[in-house]
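# What the coordinates show
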Amino acid sequence: MVLSVERRKRATAEGGLDALYRAHAADALRLGYLLTGDRSLAEDLVQDAFVRVLGRFHDLRNRDAFWWYLRRTIVNLSTSHFRRRGVERAWLARQLPDQAAPAPHDLGERDRLREALMKLRPEQRAAVVLRFYEDLSEADTAEALGIPLGTVKSTVSRGLERLRNELPEEE
Amino acid sequence: MDTRLRNLLHDLATEMPVDVEGSAPRTLRKARGRRILTAGAGVVVAVAFVVVSVSLFRFADDPTTPAVSGPNLATFAGLWPETDAQALAETQAAVDEGHMPLRTTADGTASLFATNLLGWEAADVSWQATGTTGSDLPRAAVVLAISNRSFGAFVPRITIELRQLGVTGPNGVWSVVGVSDPPLPYPALIELEEVTQVVPGIVHVTGRVSDLYDGAPALEAHVFDGATLEPSLGSARYELADRTFGLDLDVSATPDGRATLLLTMPDAVGQSLGGVLVSVETPVRVEEPQPTVRVEGVPPEVAATARGIYDAAGAGDVEGLREFLDPNTFAYNFDDGSDPIPAWRQDPSVLDLMVAVLELPAAAPRAIEGYGTFTIWPYLIDSDFDALTERERADLASLGYTEGDIQLMIDGGHGYQGPRLAIDETGLWRNFMTVGE
């Protein structure tokens, strides 16, 4: 395969990389935050994901494909982070009381959601976030997580059930 | 619940502060750095070896080509593996005998360059030949752009110009005559701006690296003269602090005042991401002739004896000197008809003096009444000490005489008063004097 001049210019030009980062950084950081519940961790994780994808990604003509790779990398890094270290409970106990300073009018609900999300297993949390924040279909969620469709359905279902318990509807 | 959860998630996500402007430089820098550090490890991307037409190539006559001072490349254009016509002829002879088949193709030679000088794995060197070879040119020439499969598409290709400098055609040996950054509009990894020998033995190299690689750790410069980086004529590692570089290389002398500079950007596993190969000027090494017995113009029988004496004395073989003399006719320091061997055995340093004397030219043969025709070393016995040349003074110094000693000889008015050695016309060694007459 011979890269065209235009393609190489796009792929390797300073502006190309910079534009990719600027186009996706905000979404990536917010996704990372929902998956980790921690701003610093989200920043580190997203930076690592960008570094990995920019370092390997070679089909820059397709910006949607870039986000697909980036999102999958963010999810994988977050689940790996919690699974590998096995410190999720300890981390929650230590971090949750000091979390964000939300706006006064919705302080309680945000806190409860964040806490509820962090009580989910990393895979459950990722599945729920991809389905209801990224608005992916179950099939796309399965592809993004690299797991069977049936597993996505059961994982999301159990995750939602747990969130309902943690976030009861307010009358 | 689904809608409420969506709204809550989006609301929660807004807690994440987003400072794209602040984080972009750091992240992009790390991303580029990672590309350098992991370049040898990873992604298989099919690209590479592209033949570019000769007309695009920008080595020789493009005004934007870096100013590279040095000897006239017309003398021998090859930079690698051979750097002179004799070496090329030897390689061609080996190829004619069936050796080194890769050297008979441009892509094979380019692959050898990548594996030998850039440290690439042979399996990673990929190519696609789409251009034309110069079969209709006076010298077959081709320009190739090679790249490493494992590096990925971010790493620019390296452009190599090759020519058949001797035999052309299917059996002719190809030589690398230039390696540079790709011709525009391809991005350049290493751009040379100046390569100048600022003073003899110091080559100043400046340039810049691509802005794609500001995370790259270093450049390496190697000056060599031949197929391998060793023996090195000079090398340096330049830690990149920004996109520019400038380094001074200590370069050893070469016989022809010319060497090859290879500039590389090695990754974490030692494979170079880019390469530039140019000719550089070096100091000219004047080959001092190895000291030997001086028998030019000397009769054959005399020369044979002189060589024998020189070899035996040089080896410290006192007994070996015996075969060249007859004790009944030999004179050692005017002691006619005596055996000098016992005295030389007691003081073998005399043999060093014989060697020094024989390393100077001989005087013209002369007839010695009652003895025959002698050839006498050194030629200084005939020198005019009132008009000594620099050469003669240097030769006197080689025998251990100081300027003061020389002045004494001049003042004495008797000419050369140093050691001398005589062999007659039959090849018989007749005398050795350690002092003057």
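Everything in this summary refers to the structure shown in the same document. The structure displayed is predicted, hence computed values, not measured ones.

### Some words on the overall build of chain A
- Across its full length, chain A holds nine helices and zero strands.
- The N-to-C order of helical and strand elements in chain A reads α-α-α-α-α-α-α-α-α.
- Taken across its 171 residues, chain A has 51% of its residues classed as buried.
- Residue pairs at least 24 apart in sequence account for 68% of intrachain contacts in chain A once pairs closer than 6 positions are excluded.
- Accessible surface computed for chain A: about 8,200 Å², of which carbon and sulfur atoms make up 46%.

### Some points on the nonpolar core
Residue and element names in this part refer to chain A.
- The biggest cluster of nonpolar side chains holds 51 residues, and the ones touching the most others in it are Phe50, Leu70 and Ile74.
- Broken down by element, the residue count for this core peaks at nine residues, all from helix H2 (residues 14-36).
- Among residues more than four places away in sequence, those in contact with leucine 70 are His24, Ala28, Ala49, Phe50 and Val53.

### Observations concerning unusual backbone geometry
- Between tryptophan 80 of chain B and proline 81 of chain B the backbone carries a cis peptide bond, its omega angle lying at -5 degrees.
- One can find proline 81 of chain B in the loop between strand E2 (67-68) and helix H3 (85-96).
- Across the junction of glutamate 230 of chain B and proline 231 of chain B, the peptide omega takes the value 0 degrees, indicating a cis bond.
- Among the structural elements, proline 231 of chain B can be located in the loop between strand E9 (218-224) and strand E10 (234-239).
- A positive phi is found at aspartate 135 of chain A, a non-glycine position, where the angle reads about 60 degrees.

### Structural notes on the sheet that holds strand E15 (residues 335-336) of chain B
Residue and element names in this part refer to chain B.
- Pairing is mixed across the open sheet formed by six strands, whose spatial order is E15-E14-E19-E18-E17-E16. Each having just a single partner strand, E15 and strand E16 (366-368) make up the two edges of the open sheet.
- Two strands pair when backbone bridges link them, and strand E14 (residues 331-332) and strand E19 (residues 429-433) are joined in this way by two bridges, in the parallel orientation. From the neighbouring strand, alanine 331 faces E19, where its bridge partner is asparagine 431.
- Helix H5 (residues 300-314) contacts strand E17 (372-377), strand E18 (420-424) and E19 of the sheet and is inclined by roughly 135 degrees relative to E18.
- This element, helix H7 (residues 349-358), spans E14, E17, E18 and E19 of the sheet and lies at about 110 degrees to E19.

What counts and what doesn't
- Residues numbered from 1 in each chain as written.
- Chains lettered and ligands numbered in written order.
- Predicted model: local features only at pLDDT ≥ 70, side-chain atom pairs only at ≥ 80, totals over all residues.
- Heavy atoms only, no water.
- Helix = DSSP H or I, 4+ residues; strand = E, 2+ residues; numbered from the N terminus.
- Buried < 20%, exposed > 50% of the residue type's maximum accessible area, 1.4 Å probe, protein only.
- Contact = heavy atoms within 4.5 Å.
- Areas by Shrake-Rupley, 256 points an atom, 1.4 Å probe, with all protein chains shown as cover.
- Core = buried A, V, L, I, M, F, W, Y, C linked by side-chain atoms within 4.5 Å.
- Pairing = 2+ DSSP bridges.
- Axes fitted to C-alpha atoms, helices over the stretch in contact; angles between N-to-C directions.

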